[in-house]
Amino acid sequence: MNRPRTIAVKPIITLIALAALIVACMSAPVCAMASGRAAAAAADTIVAGDAGTRHATPVDDIDQSAGDSGQSAAPIAGPVPNVIITNFTYGDGSVPAGGKFDLGFSFQNKGSVAVQNMVISVDGGDGLTIAGGTNTFYVPQLAAGATQSQTVPMQALIDAKSGAQAVVVSFRYEYVDAGQRSSNSVDEKISVPVSQPDRFQINDPVIPDDAQNGQESTITLAYVNKGKGDISNVEATMDGKGFDTVSKTQYLGNVASGGSGTIAYAFTPTDSGDLDAKITVTYEDSDGQQKTKEFPVKLTVAEPAPAMDDTAADVQDEQPGTPVWLLPTVAAVAIVAIVVIVVLVKRHRKKKRSAMDEQWDDWQDDQDGGDTPEAQGHASDTPAADDTDRQAPTEVIAPQPGERS
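Residues numbered from 1 in each chain as written. Predicted model: local features only at pLDDT ≥ 70, side-chain atom pairs only at ≥ 80, totals over all residues. Heavy atoms only, no water.

J.: Explain the side chain of Ser 195 to me, please; I cannot follow it from the model alone.
T.: Position of Ser 195 relative to the elements: it lies in strand E11 (residues 180–195). Within the structure, Ser 195 has its side chain in polar contact with the side chain of Ser 94 (distance 3.1 Å). A distance of 3.3 Å separates polar atoms of two side chains, one belonging to Ser 195 and the other to Asp 287. Not counting residues up to four positions away in its chain, the partners in contact with Ser 195 are Ser 94, Val 95, Pro 96, Ala 97, Ser 162 and Asp 287. (Helix = DSSP H or I, 4+ residues; strand = E, 2+ residues; numbered from the N terminus. Polar contact = N/O pair within 3.5 Å; in protein donor to acceptor, adjacent residues only side chain to side chain. Contact = heavy atoms within 4.5 Å.)

Written out as structure tokens, the structure is:
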């Protein structure tokens, strides 16, 4: 009878476990190497920021000789190169409105790498403009730490406001860092002072013609601001001797562009004769500079008027005034007189015309009755002519029957 075979299971399980342990020990270095390579790749990643800024993640304690590949980690990018204006000129003092000037400025590359393909543009804003040419310039390359200058012809506008006018200078450029090309832009501002010309006009004083000692008089000065800028803190002072005034100093305040007014001084002379005084006007122009204008005043003061006699004044006061009803009454009487005169003239003319008509009728009757014996009798009564003057005899014709006798 055959005996059954016994299989040894325990030694086989032991061998399988041992083989698995050996495989696990052999795969551990490979996993560690893969993990190191992944970390190096993550450290070499470049993240892009605003205006071309590059940032690199630092890597600490990376074994450059790790692995069997023999490759080193990628270089870390440096800071973004900045270009700034280090100096600028526009001339001496301030630029007058409407005036031309040359704006010169120097710029420097403050980065550690060179910049390339630089484009520079200049913007004068509302108060300044380019006086011919272009406002854009090209620079092929500017090395790290290098400085370059540029001049731009400009002009202040005629209606520019007084004060600092901003000029914006923009730089746009490219650079290569850590084997990668990037771009960046920088805006720089500079200020150019602009001033409006002082056109604050003050006319000569107008003095009184009849100044008298003890009587108040007035001196006036007219002013107008013809400039584009405002005038501020206007103040006037009258100095001298021989007169009194309530306030020798007057504060007029600010005068806007195009504004006008009058400075008036009321004074009372205390002495007779020649009076010498001086009016001083101070103000600040649109640039804040204090200005002063002086006006001499010369006038002759008459003696005071003689005092009026009190008796004459009393008599004059006692004289009655004109009654209110007198004027209408005089007007009515005048109208009645005119009407009466017109009526009388008409009646006189009418009587005269009637008298002339009666005389005409009498004369006509005399002409018609010239052949009557009375007429002949009158004719015979006329004196005879001189004998020396021989006249022809007059023939009398007797009236015919039926005719008027």
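After presenting the structure, the write-up continues.
J.: In this structure, what is going on with the packing of aromatic side chains? I would like to understand it.
T.: Aromatic rings considered in pairs are described by the distance between their centres and by the relative angle of their planes. For the coordinates displayed, the defined rule picks out 6 aromatic pairs. Ring centres 5.3 Å apart and planes at 50° place the aromatic pair Phe 107 and Phe 171 in the tilted group. Remark: Phe 171 occurs in strand E10 (residues 163–177) and Phe 107 occurs in strand E5 (residues 100–109); sequence separation between them is 64 residues. Take Phe 107 and Phe 171: they sit in the same class, and that class is buried. Each residue in the set Phe 105, Phe 107 and Phe 171 is aromatic and connected to the rest through ring pairs, giving one cluster. (Phe/Tyr/Trp six-rings, centres within 6.5 Å; stacked < 30°, edge-to-face > 60°. Buried < 20%, exposed > 50% of the residue type's maximum accessible area, 1.4 Å probe, protein only.)

J.: Even after reading the chapter, I still don't get the pairing of E10, so can you show me in this structure?
T.: Where a strand is regular, its side chains alternate between the two sheet faces. Where strand E6 (residues 115–123) lies against E10, 7 bridges are found, and the strand directions are antiparallel. Bridged to Val 119 within E10 is Arg 172. Relative to E11, E10 is paired through 15 bridges, and the arrangement is antiparallel. Looking at E11, one finds that Ser 170 is bridged to Asp 187. Between E10 and E11, which pair antiparallel one after the other, the connecting turn spans 2 residues, and Ala 178 there sits at a positive phi close to 55°. (Pairing = 2+ DSSP bridges.)

J.: How should I be thinking about the sheet that holds E5 in this particular structure?
T.: Whenever strands of a sheet pair, they do so through backbone hydrogen bonds, lying parallel or antiparallel. Ordered by their spatial adjacency, 4 strands build an open sheet running E3-E5-E9-E7, and the pairing between neighbours is antiparallel. Sheet topology places strand E3 (83–89) and strand E7 (128–130) at the edges, where each strand pairs with a single neighbour. The sheet shows a mean angle of 40° between the axes of neighbouring strands, taken without regard to direction. The sheet contact formed by E7 and strand E9 (residues 147–156) spans 3 bridges and is antiparallel. Across the sheet, Ile 130 pairs through a bridge with Met 154, a residue of E9. (Axes fitted to C-alpha atoms, helices over the stretch in contact; angles between N-to-C directions.)

J.: Mind showing me how you'd approach the confidence of the model for the protein here?
T.: Atom-level detail of predicted coordinates should not be read off regions where pLDDT is low. For the protein, mean pLDDT is 76; residues scoring 70 or higher make up 66% of the total. Ranking the elements of the protein by mean pLDDT puts strand E1 (residues 46–48) last with 34 and E6 first with 96. The model gives residues 29–70 a pLDDT under 50, and that stretch makes 38 contacts with residues more than four places away or in other chains. Counted against residues more than four places away or in other chains, residues 400–405, with its pLDDT under 50, gives 2 contacts. (pLDDT = per-residue confidence, 0-100.)

J.: Please explain the side chain of Ser 170 as it appears in this structure.
T.: Among the secondary structure elements, Ser 170 is positioned in strand E10. At 2.8 Å, the side chain of Ser 170 and the side chain of Asp 187 are in polar contact. Beyond its immediate sequence surroundings of up to four residues, Ser 170 is in contact with Val 119, Ile 120, Ser 121, Val 186 and Asp 187.

J.: Would you mind going over the environment of Thr 134 with me for this structure?
T.: Within the fold, Thr 134 resides in the loop between E7 and strand E8 (136–142). Expressed as a C-alpha distance, the spacing of Thr 134 and Val 122, which sit 12 residues apart in the sequence, is 8.9 Å. Polar contacts involving the side chain of Thr 134 include one to the main-chain amide nitrogen of Thr 136, which spans 3.2 Å.

J.: Could you clarify how one ought to interpret the nonpolar core in this entry?
T.: Proteins that are soluble and globular tend to have nonpolar side chains buried together. If you look at the biggest cluster of nonpolar residues, it comprises 30 residues, and the most contacted ones within it are Phe 105, Phe 107, Met 118, Ile 120 and Phe 171. Within the residue set of this core, elements represented by two or more residues are E3, E5, E6, E8, E9, E10 and E11. Ranked by the residues each element gives to this core, the list is headed by E10, at 5 residues. The residues contacting Met 118, other than those within four sequence positions of it, are Val 83, Phe 107, Phe 137, Tyr 138, Val 139, Pro 140, Leu 142, Phe 171, Arg 172 and Tyr 173. Among the nonpolar cores identified, the runner-up in size contains 24 residues, and Phe 200, Ala 211, Leu 221 and Tyr 283 belong to it. (Core = buried A, V, L, I, M, F, W, Y, C linked by side-chain atoms within 4.5 Å.)

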